[in-house]
Amino acid sequence: MDTSKRRFLKGCGGAIAGVSVYSMTRQPLARDAAEESEVKYAMLHDENLCIGCNACEDACREVNQVPIGVSRVDIVRTGPFGEYPEQSYRFSRHSCQHCEAAPCVKVCPTGAAYIDKETGIVAVNEDRCVGCQYCIAACPYQIRFINPVTKVADKCDFCQQSQLTRGLQPACVLACPTEALVFGNLKDPNSALVKTLKSKPTYRQKVDLGTRPKLFHVRTVDGEIVL
Ligand code: SF4
Ligand code: SF4
Ligand code: SF4
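So, how was this worked out
Residues numbered from 1 in each chain as written. Chains lettered and ligands numbered in written order. Predicted model: local features only at pLDDT ≥ 70, side-chain atom pairs only at ≥ 80, totals over all residues. Heavy atoms only, no water. Helix = DSSP H or I, 4+ residues; strand = E, 2+ residues; numbered from the N terminus. Buried < 20%, exposed > 50% of the residue type's maximum accessible area, 1.4 Å probe, protein only. Areas by Shrake-Rupley, 256 points an atom, 1.4 Å probe, with all protein chains shown as cover. Salt bridge = Lys/Arg side-chain N within 4 Å of Asp/Glu carboxyl O. Near = heavy atom within 4 Å. Nonpolar A, V, L, I, M, F, W, Y, C, P; charged D, E, K, R; others polar. Arc of directions from axis to C-beta. Core = buried A, V, L, I, M, F, W, Y, C linked by side-chain atoms within 4.5 Å. Contact = heavy atoms within 4.5 Å.

A.B. asks: For this particular structure, what's the right way to read the overall build of the chain?
C.D. replies: Check the secondary structure of the chain and you find 7 helices and 9 strands. Put simply, the chain has 227 residues, and 47% of those count as buried. Roughly 12100 Å² of accessible area belongs to the chain as shown, and the carbon and sulfur atoms make up 51% of that amount.

In structure tokens:
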């Protein structure tokens, strides 16, 4: 067992279940992101281009060996909107927001949840994770889960290990047939991501919480307005 993991378990003993996650999340959210780095990765999901094919989900599962029953990314369908045959649906992406002020990182007692200073990616160090689930409770977006195979916290890492280290785009982005997903460096004005952000109005979820999420959405034209 990793020494930090052993040290944590020894120190906490049976008292761990009684600690309030809520009180830990009340701490000020630090700006832990990669402010010094030239790279700050983010993603955009264009709901108008998304056709709900789920190819992104399948690619993620295969590339990152995500077991059946859990997932790092979900495309949530709402609707139908309108009258037959003019019906339409809304597809929205549900996955880690890679928050710059990440509650999951703040509450993690072992440092297993951390922000990579080079890329701004919110990652999981499996060797340090003790499975306490504080991060799962603290995430306002409810996207973390315990991997039933590895028994540690899991979530989207922008394919940092499986794709980015090989110079490849995230698996979901490569699999998308309509280019609804755009991944790139927020600090690069010439990146496709920044150009898209400048050309289309976007929104982010739960920004009022101060988490500074880096998953952007282009709102669907259909679906949101119900008279
Ligand atoms: S979405 Fe949840 S898991 Fe992802 S960085 Fe934010 S708080 Fe952490
Ligand atoms: S970036 Fe990688 S880990 Fe994240 S949802 Fe896409 S395929 Fe899955
Ligand atoms: S692969 Fe692209 S079009 Fe298909 S569900 Fe995912 S984001 Fe939408």
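Continuing now.
A.B. asks: Hey, could you run me through the pattern of salt bridges in this one?
C.D. replies: Using the criterion set out here, one finds 6 salt bridges in the structure. Measuring nitrogen to oxygen at the nearest pair gives 3.2 Å for the salt bridge that ties Arg90 to Glu47. Within this pair, whereas Arg90 is found in strand S3 (residues 88–95), its partner Glu47 is found in the loop between strand S1 (41–46) and helix H3 (55–63), the two being separated by 43 residues in sequence. Residues joined by salt bridges that share partners form a network here, namely Lys40, Glu100 and Arg212.

A.B. asks: What is the right way to read unusual backbone geometry from this model?
C.D. replies: Across residues other than glycine, the phi torsion is negative in most instances, and most of the peptide bonds are trans. With omega at 5°, the peptide bond leading from Gly79 into Pro80 counts as cis. Relative to the assigned elements, Pro80 resides in strand S2 (residues 73–81). Note the cis peptide between Tyr84 and Pro85, where omega equals 5°. Within the secondary structure, Pro85 is located in the loop between S2 and S3. The phi dihedral of Cys159 is positive, around 60°, even though this residue is not glycine.

A.B. asks: Please clarify how the site of ligand 3 should be interpreted in this entry.
C.D. replies: Around ligand 3 sit 13 residues, and of these Cys50, Cys53, Asn54, Cys56 and Cys176 come closest. Grouping the amino acids of the shell around ligand 3 by side-chain chemistry returns 9 nonpolar, 4 polar and no charged.

A.B. asks: Help me understand H3, please; the structure alone is not making it clear to me.
C.D. replies: Residues of H3 that are buried: Cys56, Glu57, Ala59 and Cys60. Relative to the axis of H3, the buried residues are bounded by an arc of 165° and lie together on one face. The first or second residue beyond H3 is Gln65, which carries a positive phi of 50°.

A.B. asks: Please explain the nonpolar core as it appears in this structure.
C.D. replies: Met43, Ala102, Val105, Phe158 and Leu181 are the most contacted members of the largest nonpolar core, which has 34 residues in total. Mapped by element, the contributors of at least two residues to this core are helix H4 (103–107), strand S4 (113–115), strand S5 (122–124), helix H6 (171–175) and strand S8 (181–185). Setting aside anything within four residues of it in sequence, one finds Met43 in contact with Arg93, Phe158, Pro170, Cys172, Val173, Leu181, Val182, Phe183, Leu193, Lys214, Leu215 and Phe216. Counting residues in each nonpolar core, the second largest holds 6 residues, with Leu44, Val182, Leu193 and Val218 among its members.

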